[in-house]
Amino acid sequence: MLHFGWFVGHGFGVQGWGTPGYAQGYDWKQPQIYQAAARLFERSGLDLFIIEDSLTVPDTYGGSAEVSLAQASFAPKHDPLALVPYLLSATENLGVVPTVSASFYPPFTAARLLATLQHFSQRQLGWNVVTSGSDLAAQNYGLDQQIEHDRRYAKAEEFVDVVRKLWRSWAPDAVLEDVAAGRYADHRKVAPIDHRGEFFAVRGPLNTAPLPEEPVLVQAGASPRGKAFAGANADVALALARGVDGMRGYRDSVRAEAVRAGRDPDEVKVLFVTKPTVVGSRAEAQELRESRKNLSRRDIDSQLNSISYLSGIDFRKFDLDQPLPALSTNSNRGTLAHFTSSAPDGATLREILQRRSGGAGDSIIGTAEEIADYFEASAEAVGGDGFLLSGFVDPATVHGVLDRLAPVLRHRGLLRSSYGDGGLRSNLRDF
Ligand SMILES: Cc1cc2nc3c(=O)[nH]c(=O)nc-3n(C[C@H](O)[C@H](O)[C@H](O)COP(=O)(O)O)c2cc1C
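Residues numbered from 1 in each chain as written. Predicted model: local features only at pLDDT ≥ 70, side-chain atom pairs only at ≥ 80, totals over all residues. Heavy atoms only, no water.

If you look the protein up in an unreviewed UniProt entry, it shows as FMN-dependent oxidoreductase (Nitrilotriacetate monooxygenase family) from Arthrobacter russicus. UniProt's Sequence similarities (unreviewed entry) comment on the protein is quoted here verbatim: "Belongs to the NtaA/SnaA/DszA monooxygenase family." (UniProt positions renumbered as here; feature names shortened; annotations may be inferred.)

Laid out in structure tokens, this is it:
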């Protein structure tokens, strides 16, 4: 059995833009399509619904927001935390995971909001802790540029530590609700945390009720520092990796980091992000793969705009028919390495883009049987743990993937058909 989830890379943003059914019968700005998708995910047996977030209108590509806004890429977007209560009210077992920036949320605010949402849920909540690599986002929070890459992770470590200390500032038995004695809670079991660190000073205690269970921590950074952070802190690592060897190496290194941090490596599930397109026949798959290699100007701009924002490097300045120079970034290192490794060394930028849209690596086109074959064979070679399906959450996209794929995965015993009643963390540790 494998773990599956859905990662909506557009966040609580424009869904289905550029597809023939865009906005037919739905409005991305309202919660209903996300609720409908969440119900389908739960009926299908997925464990997680992870909602990306970002904090800017990107204008790195060519120094303009033209492509970001024309293609509704990264903007506009609502805050995913506001969506969570709607998703929780639509489901009972699905893990609901909003993204929270360790760089820009004050830890007291994050601890309180997440504790509130966990109380609403049946222990279904997760938090996708990101370090927000973009200078553009930093400029919305009073900085000229983001702090240095590894220091961002040091800050994220401290952020998680403070949030957890706040969650633990009430003993589990602090609430008495003793009506006869007139005591709601026992003050001896609620204590300040008096945290004074490099990045945060927080007195505590938290001013909300103790949690039934701490939310599941999800993490996605792929640099060595990112993997160390995942190994030490995460219940789930979201991963981008190239091929079976890349996946195995990624999973092995996160598990080794977990051991180094004194944890059982089975406590961290490494889930690989895959964008599936399910078609009716092998011939249709081949045709679609070929057609995607014919890059339009729109496709080129779309891919280059994304990687420009994610890396902070303006890719407009590179010649499409030359190999890329060696690149380094203070922003998303794992994502930049994944992009540049899409094609063999010495490939031109155009060839990299063709490979990416042609179905290499994290994007897969096939019949439901072929895609299930891919998941089954890769997970067996890698040793576990599962996959995150990525894509829009408009009705056409989610049904287009799951109506055909979920029955095949379930028939093969790869996808769960029921949930235990222990909550999200327990579901993740079922296998
Ligand atoms: C699959 C995936 C999903 C991510 N989701 C988000 C997100 O929602 N918001 C965000 O600010 N960063 C997101 N990131 C960025 C990472 O959380 C991390 O901060 C970034 O990759 C820098 O880490 P690295 O240099 O260790 O790779 C994502 C990265 C990956 C690979």
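From this point on, the discussion continues.
Novice: Please explain the site of the ligand as it appears in this structure.
Specialist: Around the ligand sit 22 residues, and of these Asp-53, His-149, Tyr-153, Ser-223 and Asn-332 come closest. Here a nitrogen atom of the ligand sits 2.7 Å away from a polar atom, N or O, in the main chain of Asp-53. In this structure, His-149 approaches the ligand through a side-chain N or O atom, which is 2.6 Å from an oxygen atom. Contact with the protein chains hides 91% of the accessible area of the ligand, taken as 620 Å² for the molecule alone. (Near = heavy atom within 4 Å. Polar contact = N/O pair within 3.5 Å; in protein donor to acceptor, adjacent residues only side chain to side chain. Areas by Shrake-Rupley, 256 points an atom, 1.4 Å probe, with all protein chains shown as cover.)

Novice: Is there a simple way to think about empty space enclosed by the protein in this case?
Specialist: Over the atoms, a rolled probe matching the size of one water molecule traces out where space is still vacant. A complete count under the given rule lists two cavities of 30 Å³ or more for this structure. Here the second largest cavity is characterised by a volume of approximately 30 Å³. Lining the second largest cavity are Ala-115, Leu-166, Trp-167, Trp-170, Leu-206, Thr-208, Ala-209, Pro-210 and Leu-211. (1 Å grid on protein atoms, 1.4 Å probe; cavity = no way out; pocket = protein on both sides within 12 Å on 5 of 7 lines; lining within 4 Å. Points joined across faces, edges and corners; volume = space filled by probe spheres on them.)

Novice: Looking at this model, I keep getting lost on the side chain of Asn-305. Mind explaining?
Specialist: Secondary-structure assignment places Asn-305 in helix α10 (residues 297–311). At 3.2 Å, the side chain of Asn-305 forms a polar contact with the side chain of Ser-68. Sequence-distant contacts of Asn-305, defined by excluding residues within four places in its chain, comprise Tyr-61, Val-67, Ser-68 and Ser-73. (Helix = DSSP H or I, 4+ residues; strand = E, 2+ residues; numbered from the N terminus. Contact = heavy atoms within 4.5 Å.)

Novice: Mind showing me how you'd approach the pattern of salt bridges here?
Specialist: Side chains bearing opposite charge may pair, as long as their charged atoms lie close to each other. The tally for this structure, following the rule as stated, stands at 26 salt bridges. Its salt-bridge partner being Asp-385, residue Arg-251 comes within 3.0 Å of it at the nearest N-O pair. Pair noted here: Arg-251 is in helix α8 (residues 243–260) and Asp-385 is in the loop between α13 (368–382) and β15 (386–390), with a separation of 134 residues, a long-range link. Since its relative accessible area comes to 7%, Arg-251 is described here as buried. By sharing partners, the salt bridges in this structure join Glu-213, Asp-235, Arg-425 and Arg-429 into a single network. (Salt bridge = Lys/Arg side-chain N within 4 Å of Asp/Glu carboxyl O. Buried < 20%, exposed > 50% of the residue type's maximum accessible area, 1.4 Å probe, protein only.)

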